[in-house]
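Examination of the molecular architecture
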Amino acid sequence: MRSADQPIGVFDSGIGGLTVVRALRRLLPGEAIVYLGDTARVPYGTKSHETIQRYTVQAGAVLQRLNPKLLVVACNTASAHGLPALQSVSPCPVMGVIEPGAEAASKERVVGVIGTLATIRSGAYESAIRRHNPATEIHAVPCPLLVSLAEEGWSEDPITEAVCRRYLQAMPPQVRTIVLGCTHYPLLLPALGRARTEARWIDSGEVTAQSVERLLKGGLGFRTESSRGPFRVLLTDAGTRLKEVGSAFLGEALESVELVEL
Ligand code: DGL
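What counts and what doesn't
Here the residue numbers are simple positions, counted from 1 along each chain's written sequence. Per-residue local features are limited, in this predicted model, to residues with pLDDT of at least 70; the limit for side-chain atom pairs, both in listing and counting, is 80 or more; totals at the level of whole chains, interfaces and linings are taken over all residues. Excluding hydrogens and water, the side-chain figures rest on all heavy atoms present in the structure. Structural elements are reduced to axes, namely lines fitted to C-alpha atoms, with helices fitted over the stretch in contact, and the angle between N-to-C directions of any two is expressed from 0 to 180 degrees. Numbering of helices and strands starts at the N terminus; helices are DSSP runs of H or I of at least 4 residues and strands are runs of E of at least 2. Each angle is binned into one of four classes, with values under 35 degrees roughly parallel, values over 145 roughly antiparallel, values of 65 to 115 roughly perpendicular, and all other values oblique. Definitions for this section: a left-handed crossing has its near helix turned counterclockwise from the far helix by less than a right angle. A right-handed crossing has that turn clockwise. Here, two residues are considered to be in contact whenever any of their heavy atoms come within 4.5 Å of each other. Throughout this entry, Asp, Glu, Lys and Arg are counted as charged residues, while Ala, Val, Leu, Ile, Met, Phe, Trp, Tyr, Cys and Pro are counted as nonpolar. The remaining residues, Gly among them, count as polar. Paired strands, in this sense, are two strands between which DSSP finds at least two bridges. Being near a molecule or strand, for a residue, means having at least one of its heavy atoms within 4 Å of it. Counting of polar contacts relies on pairs of N or O atoms within 3.5 Å, with two restrictions inside protein: one atom must be capable of donating a hydrogen and the other of accepting it, and residues adjacent in sequence are counted only when both atoms are side-chain atoms. The Shrake-Rupley method, run with a 1.4 Å probe, gives the accessible areas here. Residue values count only the displayed protein chains as cover.

**Some thoughts on the packing of helix α2 (residues 49–64) against helix α3 (residues 76–89)**
With their axes 8 Å apart at the nearest point, α2 and α3 run at an angle of 55° to one another. Considering the angle they form, α2 stands oblique to α3. Relative to α3, the crossing made by α2 is right-handed. Contacts from H49, I52, Q53, T56, V57 and G60 of α2 reach α3 at T77, A78, H81, G82, A85, L86 and V89. Of the residues assigned to the contact of α2 with α3, the class counts are six nonpolar, seven polar and no charged.

**Examining the sheet that holds strand β4 (residues 94–96)**
Across the sheet, which stays open at both edges, the six strands sit in the order β4-β3-β1-β2-β9-β10 with parallel pairing between neighbours. Taken across any chain shown, the strands that pair with only one partner, and hence form the sheet edges, are β4 and β10 (258–259). One ladder, built from three bridges, connects strand β3 (residues 70–73) with β4; its direction is parallel. Counterpart to V72 in the pairing with β4 is M95.

**Focus: the site of the ligand**
Of all residues adjacent to the ligand, which total 13 residues, the nearest are S13, Y44, G45, T77 and T183. Within the side chain of T77, an N or O atom sits 2.6 Å from an oxygen atom of the ligand. In this structure, T183 approaches the ligand through a side-chain N or O atom, which is 2.9 Å from a nitrogen atom. Compared with its free state, where it exposes 300 Å², the ligand has 99% of that area covered by protein.

Function cannot be read off these values alone, since they describe shape.
In structure tokens:
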């Protein structure tokens, strides 16, 4: 087994997965994290199964060069389409964000799931929730505009609230628990909450961080040094507004980034 001091590799289609890193660093501050964001090819949410799967496997190969003890696919879209393919070639364990979110959702009688077009069309959340609880009634709604609104930083804007309301009206009123099945949606909680005041939200990043903690406890091991874990960010493109948007997702200043090719 790899040493417990090796980093956790986190992969996302872009910088949205920094919301998952934020949850990981809050829960497991001592862990070393290497983040890879495929900013040159984002978004994945509009792409086909074959393309998303291929991109996910390519990204996994780059992170494997750094010898991680665990890979976390932070992107819901990549988890929905590329996880089994990446798991079948990876020498270290690989987990996605759908299983932890689905497990939490399966405790409810009725749930909603929101995500990108590709995530919702894959049916991955439905299959995972039904594996845990075949009786759960599931209402899955694609919300493609929300990714752009989150990157724009319009979490408090009435336009975002109106868009959220428009999407969520597709869910019947008995849906009281909704999975945020996309890296970007935690940033939009103010608008989502106003659009659906009675809802409880499952943040797939938060529950994924808890699953990572269980895996470390279960045998992968915690980093042995007590200092705050080092954090590296690798991107396939460093475009405009990167630091500004990245810092909003990460919840702290995004300092330096390194460019890589997949
Ligand atoms: N990271 C993606 C997800 O969680 C959203 C952005 C994209 O479409 O690539 O589904």
